[in-house]
Amino acid sequence: MKTRALAGLAIAAVATVALSGCVQSANAANDSADSDTGSTSLTVFISGDTNVQDLWDKSLIPAFEKQHPKISVRTSIDLHGEHDAQTQANLATAVKADKTVAYDLVDAGFVTTAGKAGLMATVDDSAIPNLANVPKATKQQGGDRAIPYRASSVLLAYDTKKVSTPPKTLDALLSWIKDNPGQFAYNSPSSGGSGGSFVMTVLAKYLSKSEQSTMQTTYDKSLESKWDEGFATLKDLGPSMYQKGVYPNGNDQVLQMLGSGQIAMAPVWSDQFITAQKAGTIGKDIAFTQISDPTFTGSASYLGIPKTEPKAKKQAAEELADFVLSSKGQQLVANAVSGYPVIPLSSLPSSVAEQFSKADPSKLRLGFQSEFAADMNAAWDAKVPQ
């Protein structure tokens with residue numbers, strides 16, 4: 001959800017060299033099965049932030065190993081996914097050469113792309129029984145080589161001391177913003193996904209279902225002329241924004257403004273909001289809801305098993321994925337990173353289900369495909385701020 005600069009050329013070079021060695025160094029490690037002891041060791045490769053690594057290291061792995069004493073699990077992380085392109089290239093090279101890689105389960109944003117390129121193993125509920133409990137639509141979004149395990153979406157957060165009845169549709173929200181000047185803010189779309197979702201949602205208001213679907217899955221730049229009416233609406237909202245056209249820098253700044261009472265309403269990421277409320281940085285008087293026609297965007301995060309994974313390790317990786325999708329695993333995900341469960345809330349304790357009762361994880365509208373999103377950000381910079 002956040003964009004960060006590279007830590008430095010020297011660090012990047014070292015990391016890239018390390019990643020480029022993954023294919024060659026992995027073969028001996030992965031092929032040397034622990035057959036003598038009957039045990040199996042797995043590596044979960046993470047492309048993301050340290051909070052995701054903490055989820056695995058401090059919550060999921062200890063609980064899984066307790067239930068599966070013959071399977072040991074460790075993590076490896078590419079912080080912030082700065083080398084995703086290199087990782088995918090190495091994976092493609094390994095699969096083409098029918099070689100294994102240095103990891104057995106992948107938690108990364110590129111899992112669905114790699115899966116659709118045939119670099120991940122196919123998955124189904126015969127090997128991962130709890131996958132049967134995941135909504136069909138959520139599985140279809142990722143394809144048959146990706147395992148959904150948590151989700152997040154953008155929500156409409158509001159100060160209950162100032163707003164007694166929040167808007168329930170996009171049209172009602174746009175009217176509310178104009179009727180309450182200075183009380184709404186969203187961050188510039190290039191600085192964070194919550195603002196980007198607001199912009200996408202306004203643009204989507206003027207798109208047909210077919211056009212929305214195309215922009216979610218493929219790239220046809222000619223369709224961007226359909227954005228003109230949406231950008232005109234966003235520009236027209238400018239004088240009603242916080243301080244008549246101030247756009248915060250990033251998701252966190254929006255949350256801080258909402259928590260400090262500077263604004264009464266804003267789009268926010270579900271996981272960031274729930275985590276902030278648990279930590280006490282957002283008061284209990286701030287609530288959230290979802291809008292409709294159209295909804296804000298959201299998506300699942302996926303796990304993948306490399307296509308060339310040896311049989312024994314593949315089975316162990318499937319057991320780990322199945323645990324993550326169990327009621328226990330989903331509780332750990334919800335508690336550690338405030339991720340939406342991807343199994344029915346009815347199968348979880350009421351204390352967990354209540355956190356997400358107003359945010360339906362089964363109804364997540366996809367955002368624009370990455371090239372469309374980049375074009376949208378640039379167009380917003382050029383057309384909207386006064």
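What comes next concerns the included structure. (Residues numbered from 1 in each chain as written. Predicted model: local features only at pLDDT ≥ 70, side-chain atom pairs only at ≥ 80, totals over all residues. Heavy atoms only, no water.)

1. A few points about the pattern of salt bridges
- Applying the stated rule across the entire model yields nine salt bridges.
- A salt bridge links Asp-171 to Lys-205; the shortest N-O distance between them is 2.5 Å. With a gap of 34 residues between them, Asp-171 in helix 7 (residues 170-179) and Lys-205 in the loop between helix 8 (193-204) and helix 9 (209-217) connect regions that are remote in the sequence.
- Among the residues examined, Asp-171 registers a relative accessible area of 42% and is labelled partly exposed.
- The exposure class assigned to Lys-205 is partly exposed, which follows from its relative accessible area of 29%.
- Linked by salt bridges that have partners in common, Lys-221, Glu-224 and Asp-375 make up one network. (Salt bridge = Lys/Arg side-chain N within 4 Å of Asp/Glu carboxyl O. Helix = DSSP H or I, 4+ residues; strand = E, 2+ residues; numbered from the N terminus. Buried < 20%, exposed > 50% of the residue type's maximum accessible area, 1.4 Å probe, protein only.)

2. Considering the packing of helix 8 against helix 16 (residues 370-383)
- Orientation of helix 8 relative to helix 16, taken along the N-to-C sense of each, is 90°, at an axis distance of 11 Å. Considering the angle they form, helix 8 stands roughly perpendicular to helix 16. Of helix 16, the residues touching helix 8 (which contributes Gly-196, Val-199, Met-200 and Leu-203) are Ala-373, Met-376 and Trp-380.
- The residue makeup of the contact of helix 8 with helix 16, split by class, is six nonpolar, one polar and no charged. (Axes fitted to C-alpha atoms, helices over the stretch in contact; angles between N-to-C directions. Parallel < 35°, antiparallel > 145°, perpendicular 65-115°, else oblique. Contact = heavy atoms within 4.5 Å. Nonpolar A, V, L, I, M, F, W, Y, C, P; charged D, E, K, R; others polar.)

3. A word on the pairing of strand 2 (residues 71-79)
- Here strand 1 (residues 40-48) runs beside strand 2; their pairing, made up of nine bridges, is parallel. Residue pairing for strand 2: Thr-43 is matched across the bridge by Arg-74.
- Read as a crossover between parallel neighbours, the route from strand 1 over helix 3 (residues 50-67) to strand 2 is right-handed. (Pairing = 2+ DSSP bridges. Right-handed = clockwise from strand over helix to strand, strands pointing away.)

4. Things to note about helix 12 (residues 270-279)
- The buried fraction of helix 12 is high, at seven of 10 residues.
- Among the residues of helix 12, those classed as buried are Ser-270, Asp-271, Gln-272, Phe-273, Ile-274, Ala-276 and Gln-277.
- In this fold, the buried residues of helix 12 make contact with strand 4 (147-159), helix 11 (251-259), strand 5 (265-269), strand 6 (286-289) and helix 14 (327-337).
- Of the residues one or two after helix 12, Gly-280 is the one with positive phi, at around 85°.

5. Some words on helix 14
- For helix 14, the set of buried residues is Gly-329, Gln-330, Leu-332, Val-333, Ala-334 and Val-337.
- Against helix 3, strand 4, helix 12, helix 13 (311-324) and helix 15 (350-353) lie the buried residues of helix 14.
- Two residues or fewer after helix 14 comes Ser-338, characterised by a positive phi angle close to 55°.

6. A word on the packing of aromatic side chains
- Considering all chains together, one arrives at 15 aromatic pairs under this definition.
- Ring centres of Tyr-186 and Trp-380 lie 6.2 Å apart, and the angle between their planes is 70°; this geometry places the pair in the edge-to-face category. Residue Tyr-186 is found in the loop between helix 7 and helix 8, and its partner Trp-380 is found in helix 16; the two are separated by 194 residues along the sequence. For the pair formed by Tyr-186 and Trp-380, the shared burial category is buried.
- Note on Trp-227 and Phe-231: the rings are 6.1 Å apart at their centroids and 80° apart in plane angle, and the pair reads as edge-to-face.
- For Trp-227, a relative accessible area of 2% puts it in the buried group.
- Each residue in the set Phe-184, Tyr-186, Phe-198, Tyr-247, Phe-296 and Trp-380 is aromatic and connected to the rest through ring pairs, giving one cluster. (Phe/Tyr/Trp six-rings, centres within 6.5 Å; stacked < 30°, edge-to-face > 60°.)

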